[in-house]
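Here is how the chains run, residue by residue.
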Amino acid sequence: MKSLQELTRPNIWNLAPYSSARNEYAGREARVFLDANENPYNQPFNRYPDPLQLELKAAISKVKGVPAENIFLGNGSDEAIDLPYRCFCEPGVDNVVAIEPTYGMYKVCADINNTEYRPVLLDDHYQITASQLLDATDEHTKIIWLCTPNNPTGNCLKRDEVLKVIEGFEGIVIVDEAYSDFSAQKTLRSELAKYPNLIVLNTMSKAWGCAAIRLGMAFASKDIIDIFNKVKYPYNVNLLTQQQALEALKDPYEVDNWVKILLQERGRMMVAFSELPICEKVYPTDANFFLAKMTDANKIYNYLVDRGIIVRNRNRVQLCQNCLRITIGTKTENSELIAALRQYQ
Ligand SMILES: *Cc1c(COP(=O)(O)O)cnc(C)c1O
């Protein structure tokens, strides 16, 4: 790996971060807060929230098995996807490499940050070859984006190829594990100590059922987390989100139960789809959704919309021609979708 200083934009490396009122006394007991120009009334919303979310990180640390100093929390994964560009990629100079197809935000954030985005097509089984990704890099490549289980294909990337990418690249490899709670694949979070160039993303939006509160996570070396903390907005995770996330984390068994039900339903739905005359192929998946190749995705999509049922039309995505992406819902919702498709003609 190149040094973190070489990988970081010089203005970010030299940045003196904003120092909030609460940073400055940190660690000591205090009772009277006359430092931040807050209103003393309207408790508890009158006070700025903890900029480093230490209580929440301690709870996440227990559930995810990652030390708190290796955790960054953001306003959804969206923030954890945008920040690496702002920290590492010099606009108009640097580039990133990513698998194709994959989650759309990696490219949107590249475009916003005026960073060249180099997509590398997956193979027919939606798998990567490490050497192909590495071949697409040059001296200005700062980041390689991987997503496993991948969205929209649903499958896990082969672990040995993922490790070859991490081991063979001089820059930073970001592995988005948004759907890992639905998969038996071993998480890469546990490998952080071994790979200083690895960032693993997680979110509370999927298995944890908290998309509304906007809480995303990045796990990485302390040095990378320190850079993120310098660049992020000082109060990037609001009090309501921190409180609600703490509440959700008290009951991880409920999440396990949701996952179990969703995986059962996923099995049922994939069988039902494979028996539909209008479905040509159901792709293997490790997530809470699956991809289905249909006879005519656009027509079937519109037919479903007319009946108030929304699935994701991926027809125009490379390697996903005529594919619909189906999220697993409740039993009733899933049955409604199947019933509608059985009536399609
Ligand atoms: C849904 C999803 C996320 C979640 O993003 P949030 O901003 O945390 O809601 C992240 N990555 C992938 C690949 C996703 O599909």
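In this text the structure is predicted, and so the values were computed from the model without any measurement.

Q: So what about the side chain of K64? Which residues, and what values?
A: Of note, K64 is situated in helix α4 (residues 54–64). Here K64 occupies a buried position and makes no salt bridge, while the nearest side chain of opposite charge, D181, is found at 4.1 Å.

Q: Describe the site of the ligand, and please don't skip the residues or the numbers.
A: In the vicinity of the ligand lie 14 residues, with D176, Y179, T203, K206 and R214 positioned nearest. Interatomic distance of 2.6 Å between a side-chain N/O atom of R214 and an oxygen atom of the ligand. Looking at the shell around the ligand element by element, the count peaks at three residues for helix α5 (residues 76–88). The residue makeup of the shell around the ligand, split by class, is five nonpolar, five polar and four charged.

Q: Describe the pattern of salt bridges, naming the residues involved and giving the relevant values.
A: One pass over the full model with this rule turns up 13 salt bridges. Across the pair K142 and D94 runs a salt bridge, and its minimum N-O distance is 2.9 Å. Separated by 48 residues along the polypeptide, K142 in strand β4 (residues 141–147) and D94 in the loop between α5 and β2 (95–100) bring together distant segments of the chain. In this structure, K142 and D94 share a single accessibility class: buried. Ionic pairing is found between D138 and R118, a salt bridge with its closest N-O pair at 2.9 Å. With D138 in the loop between α7 (130–135) and β4 and R118 in strand β3 (residues 116–121), the pair connects residues that are 20 residues apart, well separated along the chain. Taking relative accessible area as the criterion, D138 reaches 29% and is therefore assigned partly exposed.

Cut-off values and rules
- Residues numbered from 1 in each chain as written.
- Predicted model: local features only at pLDDT ≥ 70, side-chain atom pairs only at ≥ 80, totals over all residues.
- Heavy atoms only, no water.
- Helix = DSSP H or I, 4+ residues; strand = E, 2+ residues; numbered from the N terminus.
- Buried < 20%, exposed > 50% of the residue type's maximum accessible area, 1.4 Å probe, protein only.
- Lys, Arg positive; Asp, Glu negative; His and termini not counted.
- Salt bridge = Lys/Arg side-chain N within 4 Å of Asp/Glu carboxyl O.
- Near = heavy atom within 4 Å.
- Polar contact = N/O pair within 3.5 Å; in protein donor to acceptor, adjacent residues only side chain to side chain.
- Nonpolar A, V, L, I, M, F, W, Y, C, P; charged D, E, K, R; others polar.

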